[in-house]
Amino acid sequence: NKRRRTIKNPSKLVQRLQQQPTNGHHRLLILGDGDFSFSVALTRQLLQLPNNNKNKYNNFQITATSLDTYKQVCDRYRKAQRNLQQLKKQQQRAVTIHHDFNATHLDGNNTKKWDSMIWNFPYPTGTGTSGTHAAAHCGQLVKQFFQSAQSCLSKEGGGRIYLTTLLRQQQQEEEKEKEDNIDDDTSSDSSKDGIVDGGSTNWDLERLAESAGLELLDCLPFSSKDYPGYTPKRSFADTTFPYYQQARTFVFGHNATGSSSSSVMEALYKEQRQQQEIFYANLQQLLAKYPDQGIYVGVLKDYYEKEFTNQPWAPDGMERIGVTLKRAAQAGVCQIEKRGPNKSSLWVLPANSCNTTNNDQHGNAVDFLSLDGNNNNDNHTSNQ
């Protein structure tokens with residue numbers, strides 16, 4: 001017989017699932033798993049948990065679902081069929097697969113009581129990717145899910161909902177618009193206390209949960225690295241989305257366990273403020289090396305992506321760095337200037353810099369920056 005491999009460092013979610021008290025079998029529902037790669041990764045972890053009983057899955061009974069039909073899943077996601085085949089090998093043990101399964105109509109899908117429900121990155125179908133309209137639909141989707149889930153969540157063993165969202169999932173599209181107006185002092189910043197990446201708090205998850213008789217109990221770190229082979233998928237295409245490395249899993253249940261909603265969010269706000277302070281300090285140190293020239297925003301983006309990959313405080317991608325720098329400017333950490341003949345190049349300078357022009361003879365912004373600590377004296381012209 002082959003010796004079963006055991007996992008040494010299970011994810012925070014898996015640890016919670018293992019510790020969660022249940023009345024007999026642990027009935028686990030996975031919702032909206034686009035190409036079923038999360039279901040495969042999670043069942044693999046559960047299979048490798050240290051086991052003191054003879055049940056292969058530590059008494060877990062797993063139901064993996066998708067909103068799409070089987071044909072839609074296989075047509076849309078390249079790896080879905082392979083993932084489904086892996087799950088079907090476990091069907092005789094502890095895994096069931098359901099398609100055309102609506103997370104907002106759980107009471108209509110079946111009459112089971114679930115010990116745990118997991119939904120990663122809920123996003124409504126049919127809204128595309130445009131901005132505040134889609135964000136409003138996201139909040140409505142979560143509200144409907146909570147209302148449906150409440151009656152199907154086990155109370156006997158302390159049923160739990162594990163909802164993973166991007167901390168800025170609601171604000172992503174708004175930020176794309178704001179980036180184009182980065183120096184517009186009249187544009188608003190809706191984040192609480194100016195906190196970086198506070199998007200999901202604007203969904204008011206606490207209020208949405210409370211309206212359904214649920215309560216926010218905890219907030220767990222999330223990393224796709226904890227689930228090898230898992231890549232979050234959009235609901236309408238076989239593509240992923242930016243920033244999913246920087247997410248949180250919010251834990252909801254019928255009854256509090258000593259931690260109130262306010263204390264959960266206060267801890268999250270504190271963590272985000274600390275991350276913001278780290279970024280501001282790093283930016284000020286970097287700008288101090290180029291007090292007169294300033295730094296082209298595209299170079300800053302490349303620098304943070306290269307040197308600080310996956311650091312929660314470092315903005316990743318042009319979609320994020322524009323808004324993050326705008327907040328830094330509003331906080332007096334730096335100043336932002338548009339340069340070039342069409343004012344199309346964004347440059348960042350120290351807050352106390354008096355230099356407001358730095359163009360070459362052709363009117364193009366000059367990229368003086370060499371992030372190895374030396375100035376670029378070749379007067380390289382930026383075409384950005």
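Residues numbered from 1 in each chain as written. Predicted model: local features only at pLDDT ≥ 70, side-chain atom pairs only at ≥ 80, totals over all residues. Heavy atoms only, no water.

Student: Would you explain unusual backbone geometry in this entry?
Tutor: Most peptide bonds take the trans form, and the phi angle of most residues other than glycine is negative. A positive phi angle, near 65°, is found at Phe-36, a position not held by glycine. Here Phe-36 is to be found in the loop between β1 (26-31) and α2 (37-47). Phi at Phe-121 takes a positive value of approximately 55°, unusual for a residue other than glycine. In this structure, Phe-121 sits in the loop between β4 (116-120) and α6 (131-150). (Helix = DSSP H or I, 4+ residues; strand = E, 2+ residues; numbered from the N terminus.)

Student: Just checking my understanding: could you explain the pattern of salt bridges for this structure?
Tutor: Where charged atoms of side chains with opposite charge meet at close range, the side chains can pair. This model, assessed by the stated rule, comprises 9 salt bridges. Arg-27 is paired through a salt bridge with Asp-115; the nearest N and O atoms lie 3.2 Å apart. Residue Arg-27 is found in strand β1, and its partner Asp-115 is found in the loop between α5 (106-109) and β4; the two are separated by 88 residues along the sequence. Looking at Arg-27, the relative accessible area reads 22%, which means it is partly exposed. Asp-115 gets classed as buried once you look at its relative accessible area, which sits at 1%. (Salt bridge = Lys/Arg side-chain N within 4 Å of Asp/Glu carboxyl O. Buried < 20%, exposed > 50% of the residue type's maximum accessible area, 1.4 Å probe, protein only.)

Student: Even after reading the chapter, I still don't get the nonpolar core, so can you show me in this structure?
Tutor: Side chains that are nonpolar tend, in soluble globular proteins, to be buried together. In this structure, Leu-17, Leu-28, Phe-38, Leu-42, Leu-46, Ile-118 and Tyr-227 are the most contacted members of the largest nonpolar core, which totals 33 residues. Broken down by element, the residue count for this core peaks at 5 residues, all from α2. With near-sequence residues (within four places) excluded, Tyr-227 lies in contact with Ser-11, Leu-13, Phe-38, Ala-41, Leu-42, Gln-45 and Phe-222. If you look at the next biggest cluster of nonpolar residues, it comprises 31 residues, including Ala-103, Cys-152, Leu-208 and Leu-214. (Core = buried A, V, L, I, M, F, W, Y, C linked by side-chain atoms within 4.5 Å. Contact = heavy atoms within 4.5 Å.)

Student: What is the right way to look at the packing of aromatic side chains in this model?
Tutor: Note on aromatic pairs: each is described by the distance of the centres and the angle between the planes. Counted according to the given criterion, the structure contains 14 aromatic pairs. Ring centres 5.8 Å apart and planes at 35° place the aromatic pair Phe-145 and Phe-146 in the tilted group. For the pair shown, Phe-145 and Phe-146 are each scored as buried. Between Tyr-304 and Phe-308, the aromatic rings sit 5.9 Å apart at their centres with planes inclined by 40°, giving tilted as the arrangement. The pair Tyr-304 / Phe-308 is uniform in exposure class, with both members buried. Members of the aromatic cluster, connected to one another through ring pairs, are Phe-38, Phe-121, Phe-222, Tyr-227 and Tyr-230. (Phe/Tyr/Trp six-rings, centres within 6.5 Å; stacked < 30°, edge-to-face > 60°.)

Student: Any chance you could explain the sheet that holds strand β5 (residues 160-166) here in plain terms?
Tutor: Sheet strands line up and pair through hydrogen bonds in the backbone, either parallel or antiparallel. Pairing is mixed in the open sheet, where 7 strands are placed in the order β3-β2-β1-β4-β5-β7-β6. The sheet is open, and its two edges are formed by β3 (95-98) and β6 (215-222), each paired on a single side. Looking at each pair of strands side by side, their axes are set apart by 20° on average, direction ignored. In this sheet, strand β7 (residues 247-253) lies alongside β5 in antiparallel orientation, the contact comprising 7 bridges. What sits directly across from Tyr-162, in β7, is Val-251. Its contacts with the sheet put α2 on β1, β2 (60-65), β3 and β4, and the angle it makes with β1 is roughly 155°. (Pairing = 2+ DSSP bridges. Axes fitted to C-alpha atoms, helices over the stretch in contact; angles between N-to-C directions.)

Student: Whenever I open this one, the confidence of the model for the protein confuses me. Can you help?
Tutor: Chain-level statistics for the protein give a pLDDT mean of 75 and a share of 69% at 70 or above. Ranking the elements of the protein by mean pLDDT puts helix α7 (residues 172-179) last with 40 and β4 first with 96. Taken together, the stretch residues 169-202 has pLDDT below 50 and engages in 86 contacts with residues farther than four places along the chain or on a different chain. Note that pLDDT drops below 50 for residues 358-384; the model gives that stretch 55 contacts with residues more than four away or on any other chain. (pLDDT = per-residue confidence, 0-100.)

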